[in-house]
Amino acid sequence: MIELVFLGMAVGVLSGFFGIGGGTILVPILLFMGYDIKTAIGISVVQMVFSSLYGSFLNFKKGSLEFDTVLSIGIGGFIGALFSGWVVSIVPAQTLEYIFLGFVMIALARMAYTPATYTQSRSIHPAFLFLIGCALGVFAISIGVGGSILLVPILVGFLHFEIKKAISAGLFFVVFSSISGLISFSLVGHIQYLDGIIIGMASLVGVYLGVYLNHKTSSILQKRLLLSFYVSVLSYLLYRTFS
């Protein structure tokens, strides 16, 4: 239990600071601790619900979360995640990971050559944002991540979001995709609720610290740290996909 508490706190810090759900970090660690892959993803989904809800609440209080802009993406993510099981049944999982990795690399390359701050984001029709959310929901849940790893670079690199608002939007997106994933995994019995709740509750402490550090860090430094973190995650995903 002590290990799970400290693990939850550490993942919570990353969730609050980088706007991620935490599954990309948590699942490999749980596998190393002896959990099977389905149980590890189920526990991760529970943790993501806790961290994304609380982190989004904190970001809203600090004024960095714009509901009007990201709500369409979130609803799309929820619906897309519900169809992830059907998509996985007809498309090989490795093919989905190849597509996901391709999108991540393109988005990161675009993000690397854009400013950390914009005076105004691009005006995008809600229907288009909804379709983006649907696609992210399908790909994210099918490989066990929340989806913000791809959403944040898209928002910064293509839609010209300020970096802190993009991070807040990414974490808010995880609220929808993780709740949808929780429903799906609960129906098939792949969630170990006690361990998931322990990690999820502990992550709230880490999320508070992560959000605090997020708003204290300059946008330029945070973009550099975010790119470094994403490159590390991308390296892991490449290793998992091709090993």
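Residues numbered from 1 in each chain as written. Predicted model: local features only at pLDDT ≥ 70, side-chain atom pairs only at ≥ 80, totals over all residues. Heavy atoms only, no water.

S.K.: Help me understand the packing of helix α1 (residues 2-18) against helix α2 (residues 23-32) in this model?
M.R.: Angle between the axes and distance between the axes: these two values describe a pair of packed helices. Between α1 and α2, the least distance of the axes is 10 Å, while the angle of their chain directions is 155°. The angle between the axes of α1 and α2 places the two elements in the roughly antiparallel class. The two elements α1 and α2 cross, and the hand of that crossing is right-handed. Of the residues in α2, those in contact with Leu7, Val11 and Leu14 of α1 are Ile25, Leu26, Ile29 and Leu30. The class makeup of the residues in the contact of α1 with α2 is seven nonpolar, no polar and no charged. (Axes fitted to C-alpha atoms, helices over the stretch in contact; angles between N-to-C directions. Helix = DSSP H or I, 4+ residues; strand = E, 2+ residues; numbered from the N terminus. Parallel < 35°, antiparallel > 145°, perpendicular 65-115°, else oblique. Left-handed = near helix turned anticlockwise from the far one by under 90°. Contact = heavy atoms within 4.5 Å. Nonpolar A, V, L, I, M, F, W, Y, C, P; charged D, E, K, R; others polar.)

S.K.: Quick question: what am I supposed to make of helix α9 (residues 163-188) here?
M.R.: Side chains three or four residues apart in an α-helix point the same way, a direct result of the helix having 3.6 residues per turn. Taking 1.5 Å per residue as the helical rise, α9 with its 26 residues ought to reach 38 Å, and the 37 Å between its terminal C-alpha atoms agrees with that figure. Sitting at the head of α9, Glu162 places a side-chain oxygen 3.0 Å from the backbone nitrogen of Lys164. After α9 finishes, the residue Gly189 shows a positive phi value of roughly 75°. (Expected span 1.5 Å × (residues − 1). Polar contact = N/O pair within 3.5 Å; in protein donor to acceptor, adjacent residues only side chain to side chain.)

S.K.: Can you walk me through a nonpolar patch on the surface in this structure?
M.R.: On the surface, Leu71, Ile75, Ile79, Leu82, Phe83, Trp86 and Ile90 cluster together to form a nonpolar patch covering roughly 670 Å² of accessible area. Of all the secondary-structure elements, those providing two or more residues to the nonpolar patch are α4 (67-82) and α5 (84-90). No other element matches α4, which puts four residues into the nonpolar patch. Relative to the helices and strands, Leu71 is located in helix α4. Judged by relative accessible area, which is 37%, Leu71 ranks as partly exposed. (Patch = residues over 30% accessible without salt bridge, like charges linked within 9 Å, V, L, I, M, F, W, Y side chains within 5 Å. Areas by Shrake-Rupley, 256 points an atom, 1.4 Å probe, with all protein chains shown as cover. Salt bridge = Lys/Arg side-chain N within 4 Å of Asp/Glu carboxyl O. Buried < 20%, exposed > 50% of the residue type's maximum accessible area, 1.4 Å probe, protein only.)

S.K.: Hey, could you run me through the side chain of Ser64 in this one?
M.R.: When you line up the elements, Ser64 lands in the loop between α3 (37-61) and α4. By relative accessible area, Ser64 is classed as buried at 7%. A distance of 2.7 Å separates the side chain of Ser64 from the side chain of Ser168, its partner in a polar contact.

S.K.: How should I be thinking about the packing of α4 against α9 in this particular structure?
M.R.: Where α4 contacts α9, the two axes come as close as 8 Å, and the packing angle between them is 25°. When the interaxial angle is binned, α4 and α9 end up roughly parallel. Read as a crossing pair, α4 and α9 show a hand that is right-handed. Side by side, α4 and α9 meet where Phe67, Val70, Leu71, Ile73, Gly74, Ile75, Gly77, Phe78, Ala81 and Leu82 of the first sit next to Ala169, Phe172, Phe173, Phe176, Ser177, Ile179, Ser180 and Ile183 of the second.

S.K.: Even after reading the chapter, I still don't get the packing of aromatic side chains, so can you show me in this structure?
M.R.: Aromatic rings considered in pairs are described by the distance between their centres and by the relative angle of their planes. Scanning all chains against the criterion turns up three aromatic pairs. Seen from their ring centres, Phe17 and Phe18 are 4.9 Å apart, and the 85° between their planes marks the pair as edge-to-face. Both residues of the pair, Phe17 and Phe18, belong to the buried class. Between the aromatic rings of Phe172 and Phe176, the centroid separation amounts to 5.2 Å while the plane-to-plane angle is 85°, which identifies the pairing as edge-to-face. Taken together, the positions of Phe172 and Phe176, both in helix α9 and four residues apart, correspond to about one turn of that helix. Taken individually, Phe172 and Phe176 each receive the classification buried, so the pair is uniform in this respect. (Phe/Tyr/Trp six-rings, centres within 6.5 Å; stacked < 30°, edge-to-face > 60°.)

S.K.: What is the right way to look at the nonpolar core in this model?
M.R.: A general tendency of soluble globular proteins is for nonpolar side chains to be buried together. One finds Phe100, Val152, Leu155, Leu226 and Tyr230 to be the most contacted residues of the largest nonpolar core, which totals 37 residues. In contact with Leu155, not counting residues within four places along its chain, are Ile73, His160, Phe161, Ala166 and Ala169. (Core = buried A, V, L, I, M, F, W, Y, C linked by side-chain atoms within 4.5 Å.)

S.K.: Honestly, the side chain of Ser51 in this entry has me stumped. Any pointers?
M.R.: Examined against the element boundaries, Ser51 turns out to sit in helix α3. Engagement of the side chain of Ser51 in a polar contact is seen with the backbone oxygen of Met48, the distance being 3.4 Å. For Ser51, the contacting residues outside a window of four places in its chain are Ser15, Gly21, Leu171, Ser203 and Val207.

S.K.: Help me out: how do you make sense of α4 in this one?
M.R.: If you check α4, its first and last C-alpha atoms are 22 Å apart, about what 16 residues at 1.5 Å a residue would give, namely 22 Å. Those residues of α4 that fall on the buried side of the exposure criterion are Val70, Ser72, Ile73, Gly74, Gly76, Gly77, Gly80 and Ala81.

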